[in-house]
Structure formats: C-alpha cells, structure tokens
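# Coordinate inspection notes
Here's the letter readout for the chains.
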Amino acid sequence: MEQHVITEILNRPLSRELLSRDVTRLAYVALDGTPRSIPISFTWNGTEIVLCTTKNAPKLPALRKNPMVALTIDTEVHPPAILLLRGRAELDVVDGIPDEYLQINGSYQMTPEQRVTWEAEVRSLYDGMVRIVITPTWAKLIDFDNTLPTAVEELIRQRAERENT
C-alpha cells in the first residue's frame, strides 16, 4: 500500500478518534509458530504507534524473530468503528520509563493523588522498558457506512451483478 493512501486513511477524523483510544490489540506470531493477539496500551505520535512493555515480556523474542505485526483499534458500539493496521515492529530498549508509557497511561481516569502514587510505583518497579515502535505499512478503516470489510464489499458487488442480469 502506498504511503499517501495510508496517510489519507490515518488522517480521517474517525481514524484520529480511534488513534486517541487507550488500547489496541497486537497480533504477532509467537516463537512456537502459533498466533497471538493481546490487548496493549498504545500512543500515536502522528506517524507511529508506540507500545511500551517490560524488558522480560514473552512477546519480545517473537518480535525479534518475526517483526511483522497487525493492530486492531475499535469501538464497543454498534456498528463498530474499526481501524486495522499492519507494520513492522522495531524494538528499542531504554533505561528508565519512556515518556510514551507515561502518556499512554495518562488517559486513564486517575485523581492527581492516584497519578503520583502510580508513577512512583512504576518508577520503583522498572529499571527500563522496551519501546515497540510500529510504522503502519497498511491501513483500513471500517465504519459500516462508507467502508465495509472487503468480503462484505465483494458480496454486495456479487448481489448487484445478479440483480442486473
């Protein structure tokens, strides 16, 4: 998929809304060859999805072996809004707590006192983290008004062809 198409999809208002959510589902292939899909907090910096995780997370060896991933960000209403992304995960081991991790968790509702306690706990627990940075190489926005899953679009086209014969 060409970059200008990806950029156009990601700049749509609904995509921007979805990219401001708290949680995505990260799909990758585990070391045993089986698929995994896990919920994980994220932030969007305008060009990349940034996830943060512990340095001992089981997903890291799998991502080092096969960095190709898929992400799903969606809503819990009917009809759902769904942003599907694909890309390559780049791993960046950092000392301390990445700013993105603090931003990611900044969207949860906490009182100022809870925030101070949470941040102190995080800083005492982690001596470093791994930033997982994903630049989208493919994107699809499904809103069920203007865009549909590809298979449903195909069924609608087939039905129209049958009705016109």
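See the structure printed just above.
Our subject in this report is the structure included herewith. (Residues numbered from 1 in each chain as written. Predicted model: local features only at pLDDT ≥ 70, side-chain atom pairs only at ≥ 80, totals over all residues. Heavy atoms only, no water.)

This brings us to the overall build of the protein chain. Within the protein chain, the secondary structure is distributed over six helices and seven strands. Each helix and strand of the protein chain, placed in order from N terminus to C terminus, yields the pattern α-α-β-β-β-β-α-β-β-α-α-β-α. Along the first, second and third principal axes, the C-alpha atoms of the protein chain reach 70 × 40 × 25 Å. Each of the 165 residues in the protein chain was classed as buried or not, and the buried ones make up 37%. A separation of at least 24 residues holds for 68% of the contacts in the protein chain among residues at least 6 apart in sequence. When the accessible surface of the protein chain is summed, it comes to about 9,800 Å², and 53% of that surface belongs to carbon and sulfur atoms. (Helix = DSSP H or I, 4+ residues; strand = E, 2+ residues; numbered from the N terminus. Buried < 20%, exposed > 50% of the residue type's maximum accessible area, 1.4 Å probe, protein only. Contact = heavy atoms within 4.5 Å. Areas by Shrake-Rupley, 256 points an atom, 1.4 Å probe, with all protein chains shown as cover.)

What follows concerns the pairing of strand 4 (residues 49–53). For strand 4, a buried count of five out of five residues is recorded, marking the element as mostly surrounded by other parts of the structure. With burial as the criterion, each face of strand 4 is covered, one bearing Ile49, Leu51 and Thr53 and the other bearing Val50 and Cys52. Relative to strand 4, strand 3 (residues 43–44) is paired through two bridges, and the arrangement is antiparallel. Within the sheet, the bridge partner assigned to Trp44 lies in strand 4 and is Ile49. The hairpin turn running from strand 3 into strand 4, its antiparallel successor, is four residues long, and Gly46 in that turn takes a positive phi close to 105°. (Pairing = 2+ DSSP bridges.)

Next up on the list: the pairing of strand 7 (residues 128–142). Most of strand 7 sits out of view: twelve of its 15 residues are buried. In this sheet, strand 7 lies alongside strand 4 in antiparallel orientation, the contact comprising five bridges. Residue Cys52 lies in a different strand from strand 7, and its bridge partner there is Arg131.

Turning our eyes to something else, we now look at the sheet that holds strand 4. Strand order across the open sheet formed by seven strands is 2-1-5-6-7-4-3, with antiparallel pairing between neighbours. The sheet is open, and its two borders are formed by strand 2 (35–41) and strand 3, each paired with just one other strand. Pairing analysis gives seven bridges linking strand 5 (residues 68–74) to strand 6 (residues 82–95), with the strands arranged antiparallel. By the bridge assignment, Val69 is partnered in strand 6 with Gly87. Helix 1 (residues 3–10) contacts strand 3, strand 6 and strand 7 of the sheet and is inclined by roughly 95° relative to strand 7. (Axes fitted to C-alpha atoms, helices over the stretch in contact; angles between N-to-C directions.)

The next point concerns the pattern of salt bridges. Under the defined criterion, the tally for this structure stands at eleven salt bridges. Asp127 is paired through a salt bridge with Lys55; the nearest N and O atoms lie 3.1 Å apart. With Asp127 in the loop between helix 5 (112–125) and strand 7 and Lys55 in the loop between strand 4 and helix 3 (59–65), the pair connects residues that are 72 residues apart, well separated along the chain. Judged by relative accessible area, Asp127 falls into the exposed class, the value being 55%. (Salt bridge = Lys/Arg side-chain N within 4 Å of Asp/Glu carboxyl O.)

On to the packing of aromatic side chains, then. Across all of its chains, the model carries two aromatic pairs by this definition. Consider the rings of Tyr101 and Trp118, whose centres lie 5.9 Å apart with planes at 25°: the pair is stacked. Of this pair, Tyr101 sits in helix 4 (residues 99–104) while Trp118 is found in helix 5, placing the two residues 17 residues apart along the sequence. Where Tyr101 meets Tyr126, the ring centres are 6.1 Å apart and the plane angle is 70°; that geometry is what we call edge-to-face. Taken together, the residues Tyr101 in helix 4 and Tyr126 in the loop between helix 5 and strand 7 connect sequence positions 25 residues apart. Through a chain of ring-to-ring contacts, three or more aromatic side chains come together here, namely Tyr101, Trp118 and Tyr126. The ring of Trp138 carries the charged tip of Arg86 above its face, separated from the ring centre by 3.7 Å. (Phe/Tyr/Trp six-rings, centres within 6.5 Å; stacked < 30°, edge-to-face > 60°. Lys NZ or Arg CZ within 6 Å of the ring centre and 35° of its normal.)

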